[in-house]
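# Architecture at a glance
Chain by chain, the residues:
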Amino acid sequence: MARIFNQHKIRECIQLPEVWNFSAKGKKISRMPVPCCIETNPELINYKGEVKYETEFTGSGNIRLAFSGVSHTAFVSLNGEALGSHYGAYGEFDFICTNLEEKSHKLSLTVNNAFGKEASINFPNDYYTYGGITRPVVIQKLKDVYIKQVHFTPFLENGTWKSKTEVLVENISEQEQEIKIALSLCEVADSTNVDQMAIKQGDSEKKIVLQGGEKREICFVHDYEQVKEYSHEHPALYYLTTLLFVGSGNDEEKNMVCIDDYIDRVGFKHMEIKGSDILMNGEKLIIKGFNRHEDYGDFGCAIPLSAMYRDLQLVINSGANCVRTSHYPNDERFLDLCDENGILVWEEGHARGMSEELMSNPLFIDQEKLTLREMMEQHYNHPSIFVWGLLNECCDFTELGKDCYTKLVAYMRTMDQSRPISYAACHYGKAASFDLVDIVSLNMYPGWYTDSSTAEFLEEGTKWAEENGGLGKPILISEIGAGAVYGYRDARHAKWTEERQEELLTEQLQTIFEKERYSGAIIWQFADCRVDEEWFANRPKSENNKGIVDKYRREKLAYSKVSEIFHSV
Ligand code: ADA
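Residues numbered from 1 in each chain as written. Predicted model: local features only at pLDDT ≥ 70, side-chain atom pairs only at ≥ 80, totals over all residues. Heavy atoms only, no water.

Counting its regular elements, the protein chain contains eight helices and 30 strands. For 569 residues, the compact-globule estimate of 2.2 N^0.38 gives 25 Å, and the C-alpha radius of gyration of the protein chain, at 24 Å, lies within 12% of that figure. For the protein chain, the C-alpha atoms occupy an extent of roughly 80 × 65 × 45 Å along the three principal directions. Across the 569 residues of the protein chain, 60% fall into the buried class. Between the mean site of the 61 positive side-chain charges and the mean site of the 88 negative ones, the protein chain shows a separation of 3 Å. (Helix = DSSP H or I, 4+ residues; strand = E, 2+ residues; numbered from the N terminus. Rg over C-alpha atoms; globule rule 2.2 N^0.38 Å. Buried < 20%, exposed > 50% of the residue type's maximum accessible area, 1.4 Å probe, protein only. Lys, Arg positive; Asp, Glu negative; His and termini not counted. Charge placed at Lys NZ, Arg CZ, Asp CG, Glu CD.)

Attention now goes to the sheet that holds strand β24 (residues 385-389). Strands sit in the order β21-β22-β23-β24-β25-β26-β27-β28 around a closed barrel of eight strands; the barrel is parallel. Direction aside, the axes of adjacent strands within the sheet are offset by 25° on average. In this sheet, strand β25 (residues 421-425) lies alongside β24 in parallel orientation, the contact comprising two bridges. Across the sheet, W388 pairs through a bridge with I421, a residue of β25. Sheet strands in contact with helix α7 (residues 498-513) are β21 (287-291), β27 (475-480) and β28 (518-523), and its direction is about 160° off that of β28. (Pairing = 2+ DSSP bridges. Axes fitted to C-alpha atoms, helices over the stretch in contact; angles between N-to-C directions. Contact = heavy atoms within 4.5 Å.)

Size it by volume and the second largest pocket reaches roughly 510 Å³. Within the residue set of the lining of the second largest pocket, elements represented by two or more residues are β11 (145-157), β12 (160-171), α4 (364-378) and α5 (399-415). Top element by residues in the lining of the second largest pocket is β11. It accounts for six residues. (1 Å grid on protein atoms, 1.4 Å probe; cavity = no way out; pocket = protein on both sides within 12 Å on 5 of 7 lines; lining within 4 Å. Points joined across faces, edges and corners; volume = space filled by probe spheres on them.)

Attention now moves to the side chain of R64. Along the chain, the position of R64 falls in strand β4 (residues 50-67). R64 gets classed as buried once you look at its relative accessible area, which sits at 12%. Of the polar contacts made by the side chain of R64, one reaches the side chain of E92; its length is 2.9 Å. Each residue touching R64, except ones within four places of it in the same chain, is listed here: R11, E92, D94, F95, I96, V138, I139, Q140 and L142. (Polar contact = N/O pair within 3.5 Å; in protein donor to acceptor, adjacent residues only side chain to side chain.)

All right, on to the confidence of the model for the protein chain then. Detailed reading of predicted coordinates is not advised where the pLDDT is low. A residue-level look at the protein chain finds 96% of positions with pLDDT of 70 or above and a mean pLDDT of 95. For residues 193-202, every residue scores under 50 in pLDDT, and the model assigns this stretch 24 contacts once sequence neighbours within four places are set aside. (pLDDT = per-residue confidence, 0-100.)

On to the pattern of salt bridges, then. Per the counting criterion, the structure on display carries 36 salt bridges. Of the charged contacts in the structure, one is a salt bridge between K162 and D223, with a shortest N-O distance of 3.0 Å. With K162 in strand β12 and D223 in strand β15 (residues 215-223), this residue pair connects regions lying 61 residues apart in the sequence. Under the relative-accessibility criterion, K162 is labelled buried at 14%. For D223, a relative accessible area of 26% translates into the label partly exposed. The salt bridge involving K180 is made with E205; its shortest N-O contact spans 3.7 Å. Of this pair, K180 sits in strand β13 (residues 177-187) while E205 is found in strand β14 (residues 205-210), placing the two residues 25 residues apart along the sequence. You can call K180 buried: its relative accessible area is 6%. Exposure remark for E205: the relative accessible area of 40% places this residue in the partly exposed category. (Salt bridge = Lys/Arg side-chain N within 4 Å of Asp/Glu carboxyl O.)

A few words now on the packing of helix α6 (residues 454-466) against α7. Relative to each other, α6 and α7 sit at 50°, their axes nearing to 9 Å. The angle between α6 and α7 places the two elements in the oblique class. Taken together, the residues of α7 that come into contact with α6 (itself represented by T454, A455 and L458) are E507, Q508, T511 and I512. Its residues assigned to classes, the contact of α6 with α7 comprises three nonpolar, three polar and one charged. (Parallel < 35°, antiparallel > 145°, perpendicular 65-115°, else oblique. Nonpolar A, V, L, I, M, F, W, Y, C, P; charged D, E, K, R; others polar.)

Inspection of the region around the ligand gives 13 residues, with D126, H327, Y449, E479 and K546 positioned closest. D126 has a polar side-chain atom sitting 2.5 Å from an oxygen atom of the ligand. Contact between the ligand and E479: an oxygen atom at 2.2 Å from a side-chain N or O atom of the residue. The class makeup of the residues in the shell around the ligand is three nonpolar, four polar and six charged. (Near = heavy atom within 4 Å.)

Another point: the sheet that holds strand β19 (residues 277-280). Spatial ordering of the open sheet is given by β18-β19-β20, a layout of three strands whose pairing is antiparallel. Edge strands, defined here as strands with exactly one partner in the open sheet, are β18 (271-274) and β20 (283-284). Examined bridge by bridge, β18 and β19 share four bridges and lie antiparallel to one another. Looking at β19, one finds that E272 is bridged to L279.

Turning our attention to unusual backbone geometry. Here the bond from V34 into P35 is cis, since omega is 0°, no more than 30 degrees from zero. Following the sequence through the fold, P35 ends up in the loop between β3 (31-33) and β4. A cis geometry characterises the amide bond from W524 onward to Q525, with omega recorded as 0°. Structurally, Q525 is set in the loop between β28 and β29 (529-530). One non-glycine residue, N79, lies in the positive phi region at around 50°. Along the polypeptide, N79 turns up in the loop between β6 (73-78) and β7 (81-87).

What follows covers the environment of G88. Tracing the chain through its elements places G88 in the loop between β7 and β8 (93-112). Judged by relative accessible area, which is 14%, G88 ranks as buried. Through-space distance from the C-alpha of G88 to that of H72 is 5.1 Å; in sequence the pair is 16 residues apart. Non-local contacts of G88, meaning those with residues more than four positions away in its chain, are made with V70 and H72.

The subject of this paragraph is the pairing of β13. Each regular strand shows side chains that alternate between the opposite faces of the sheet. β13 sits mainly inside the fold: 11 of its 11 residues count as buried. Of the two faces of β13, the one carrying Q177, I179, I181, L183, L185 and E187 and the one carrying E178, K180, A182, S184 and C186 are both buried. Where β13 meets strand β16 (residues 238-247), 10 bridges bridge the pair, whose relative direction is antiparallel. Note on β16: the bridge partner recorded for L185 is L240.

Next up, the structure:
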């Protein structure tokens, strides 16, 4: 499943095999689990290039093939007929096949994880570009009309909770269809309550007529007498159920037939920037969290749900309240876990450390818009997401760079006006684009890459922000930390020892949390991760060793020290 709860009770899903036929050039491998990174097979641990997958399923009629994540480029065909391609390892994409005959169908993918100009955001980096079908694949049976997307936007008006729900439906037949959409909302906590809490005010049903092939958005606005707000401390979730009925013009209500459904989990939270504070439901947020790459031991980025669950428990036990999905949209099952545990999420589009030259690739803007659109459209309802991020440490100081940031932030604003936007910056002293964003976010490594103290770095960064469009805005330390090789302990407390990492993080965090001006700190990083060998010079084991746990989640000295500090904030 692509989520940790069942999104459909009406819409049928077709079970796919968990091991597919597989081939890779020059290798004798013939089978591969899905989802899985190809590097999990020792024969492919350094493989870059094309691999081929094939499987079969039986079905008929209208079929939706949904891929939650394929790294990084996929070419998909069904029964030998090309359906299309997709670039981007971290966003869901789908194909709708209509009027299939009842038989066994052959689903084939060619997947490529090699670097090249046609993959503008993937290049040798301080994390690893894994290969394969790395997230779940879902096949669903659709009728002639289906629910394509549901966006739920909670908001406060004169102290009363309201919501706007936008339901996007699509008629994949050529015939005109009369449909009815019905919404209901009930607390997840008592979802056994069959008398689902009907929407209190306003209408919860609407009828429309769709022409053949038409897509239409139907908007509902509702008031609520009382709801439980969503927060870190009290992550109250609600099931939002959308039902789609069809009938003919003279049909009585009772004769309309429910043919599709879409269940999601939502929460009532309201984000606001007030002066230099970030507010959630009117309360000032002090962020204390971790940057987390999707990279776990020998599983690479295809982290099993049980391992995601373990990561989240370690985050919760540390007293943290936030995870930043550095530097790409995450597996939605991890976001589901964050939702139900109140771990606030900074989710960002895929990009890390792109130079002006890389950003001048003619494909870049469209490819970056795709990762941002997939992230914001697909993850819109997650109440844990409190800020959208983009372009981590990319070129924000030249005319071309600033133009990219300007275009992409404007694009993000068209998709969500309910959450603040930020980007993590590091080019101190150069021009910056803080005028574009709601929160200034600074990456810094005091005592690690330079001898500056945290206080000195904060003073320099604050001045830099105020001179470049960030005056009076919240300032969040989006990355701070130091490296340590797991198990390396030494009386000298030399660099790369666990002792040194613990000392530096202690000074860094204590300095930040004692200053009211800052909205908190997100440690770089939660766990060690694999990096490209081009980064070997200061990456022992060809890993980014700044985790407070290693890639197998074995705790370093810093974990308990960070936990002590986070619990004291
Ligand atoms: C940057 C970057 C991270 C990581 C970090 C480091 O802040 O955003 O991805 O590379 O530096 O470890 O130096």
